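# Chain and residue survey
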Amino acid sequence: MKILATGIHIDDIEYGMGGIVALLSKMGHEVLCLNPKPYQHYKGRNATADAQSIRGAEVLGSKKIILDYNDTKYYKATENSIRACEEVIRSFKPDIVFIMDPKDNHIEHVECAKTVREAIFAAAVDGVCPNEIYSYETGMLQSSCYFIPDIYIDVTEASENIKDSMYAFSVEHTGAERLWREKEYTARFRGLASNFELAEGLRIIKYPKG
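The shown structure was predicted, so the numbers you read here are calculated from the model rather than taken from an experiment.

Rules and cut-offs
- Residues numbered from 1 in each chain as written.
- Predicted model: local features only at pLDDT ≥ 70, side-chain atom pairs only at ≥ 80, totals over all residues.
- Heavy atoms only, no water.
- Helix = DSSP H or I, 4+ residues; strand = E, 2+ residues; numbered from the N terminus.
- Rg over C-alpha atoms; globule rule 2.2 N^0.38 Å.
- Buried < 20%, exposed > 50% of the residue type's maximum accessible area, 1.4 Å probe, protein only.
- Areas by Shrake-Rupley, 256 points an atom, 1.4 Å probe, with all protein chains shown as cover.
- Lys, Arg positive; Asp, Glu negative; His and termini not counted.
- Charge placed at Lys NZ, Arg CZ, Asp CG, Glu CD.
- Pairing = 2+ DSSP bridges.
- Axes fitted to C-alpha atoms, helices over the stretch in contact; angles between N-to-C directions.
- 1 Å grid on protein atoms, 1.4 Å probe; cavity = no way out; pocket = protein on both sides within 12 Å on 5 of 7 lines; lining within 4 Å.
- Points joined across faces, edges and corners; volume = space filled by probe spheres on them.
- Contact = heavy atoms within 4.5 Å.
- Polar contact = N/O pair within 3.5 Å; in protein donor to acceptor, adjacent residues only side chain to side chain.
- Left-handed = near helix turned anticlockwise from the far one by under 90°.
- Nonpolar A, V, L, I, M, F, W, Y, C, P; charged D, E, K, R; others polar.
- Right-handed = clockwise from strand over helix to strand, strands pointing away.
- Phe/Tyr/Trp six-rings, centres within 6.5 Å; stacked < 30°, edge-to-face > 60°.
- Lys NZ or Arg CZ within 6 Å of the ring centre and 35° of its normal.
- Parallel < 35°, antiparallel > 145°, perpendicular 65-115°, else oblique.

This paragraph deals with the overall build of the protein. The helix and strand tally for the protein stands at six helices and seven strands. Starting at the N terminus and walking to the C terminus, you meet the elements of the protein as β-α-β-α-β-α-β-α-β-β-α-α-β. Against the 2.2 N^0.38 benchmark of 17 Å for 210 residues, the protein shows a C-alpha radius of gyration of 16 Å, consistent with a compact globule. Reported as C-alpha extents along the three principal axes, the dimensions of the protein are approximately 45 × 40 × 30 Å. The proportion of buried residues among the 210 residues of the protein is 56%. If you sum the accessible surface of the protein, you get close to 9,500 Å²; carbon and sulfur atoms cover 52% of it. Averaging the coordinates of the 25 positive side-chain charges in the protein and doing the same for the 31 negative ones gives two points 2 Å apart.

If you want it as structure tokens, here you go:
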């Protein structure tokens, strides 16, 4: 299958669902990570941040696309951003898409989810339509207070992949050690609810056909 994982900041996918990306990659699926805006938070494009973002995805067995859309200082869903994301979806033709959760304390996460959903709808007009769509959480201070998973995925065997991916990041607002501590804490918390050692949660946005 073809899997598309989307996230706005350079480490969102790797932090939020790195274990799932690693597991799907190990199963032989083609996983593509997409950042709809080429920036590290509010500072604009940065070659070091780009390299770390690509490396973080590679550690999980995924390729990454960082779009060149950069209309504004802060990220907002616009016709341009939706169209750029739509082109990736049309070209890649994913079977499953993962988006940021639409209910989140970080407005750019919400806008990213909006962008990808609109892009999916636009691509579906011509028959390019994923069979499944899920959303993932992005941390204790951002979405976890609202996030009630429909599905728990056991990511225990991918723990070293997740950790190595977190340690690919060192630019401002990331920091490997902090990222890994937060991620491990969240994964253990979700594990307690699902009887796994480490788990990642997903919400169902679109059920599979049938």
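Once the structure has been displayed, the description carries forward.
The strand order β3-β2-β1-β4-β5-β7-β6 describes an open sheet built from seven strands, whose pairing is mixed. With partners counted over all chains shown, the strands left at the sheet margins are β3 (63-66) and β6 (151-154), one partner each. Put simply, the sheet's adjacent strands are angled 30° from each other on average, direction ignored. Judged from the four bridges that link them, strand β2 (residues 30-35) and β3 form a sheet pairing that is parallel. Paired with Asn35 across the bridge in β3 is Ile66.

With that settled, the discussion passes to empty space enclosed by the protein. A probe matching the size of a water molecule, rolled over the atoms, marks out where space remains unfilled. Per the stated rule, a full pass over the model turns up one cavity of 30 Å³ or more. Computed from the structure, the largest cavity encloses a volume of approximately 60 Å³. Surrounding the largest cavity, Tyr15, Gly16, Glu137, Gly139, Lys183, Thr186, Ala199, Glu200 and Gly201 form its lining. Among the secondary structure elements, those contributing two or more residues to the lining of the largest cavity are α1 (12-26), α6 (176-194) and β7 (199-206). Ranked by residue count, the leading element in the lining of the largest cavity is β7, at three residues.

Mapped onto the elements of the fold, Glu200 is located in strand β7. Along the chain, Glu200 and Tyr136 lie 64 residues apart, while their C-alpha atoms are 8.0 Å from each other. Excluding residues within four positions of it along the chain, Glu200 makes contact with Gly16, Met17, Gly18, Gly19, Ile20, Ile151, Tyr152, Ile153, Val155, Ile162 and Lys183. In terms of polar contacts, Glu200 uses its side chain to reach the backbone amide nitrogen of Gly18, at 3.4 Å. Within polar-contact distance, the side chain of Glu200 engages the backbone nitrogen of Gly19 at 2.9 Å.

Okay, the packing of helix α5 (residues 159-166) against α6 next. Helix packing for two helices is described by the angle between their axes and how far apart those axes are. For the pair α5 and α6, the least separation of the axes is 8 Å and the interaxial angle reads 145°. Where α5 crosses over α6, the two elements pack in a sense that is right-handed. Listed contacts from α6 to Ser159, Ile162, Lys163 and Met166 of α5 are Ala176, Leu179, Trp180 and Lys183. Across the contact of α5 with α6, the residue classes tally to five nonpolar, one polar and two charged.

We now examine the pairing of strand β1 (residues 2-6). When you tally the buried positions in β1, you get four out of five residues, the bulk of the element. For β1 and β2, the ladder comprises five bridges, and the chain directions are parallel. Bridging across to β2, Ala5 finds its partner in Cys33. A crossover connection joins β1 to the parallel β2 through α1; in handedness this β-α-β unit is right-handed.

Scanning all chains against the criterion turns up one aromatic pair. The ring of Tyr15 has Lys183 lying over it, and the distance from NZ or CZ to the ring centre is 6.0 Å.

As a packed pair, helix α3 (residues 79-92) and helix α4 (residues 107-124) sit with axes 8 Å apart at the nearest point and diverge in direction by 55°. It follows that α3 is oblique to α4 by the angle criterion. When the axes of α3 and α4 are compared, the crossing they make is right-handed. Mapping the contact onto sequence places Ser81, Ile82, Cys85, Glu86, Ile89 and Arg90 in α3 and Thr115, Val116, Glu118, Ala119, Ile120, Ala122 and Ala123 in α4. Residue composition of the contact of α3 with α4, grouped by class: eight nonpolar, two polar and three charged.

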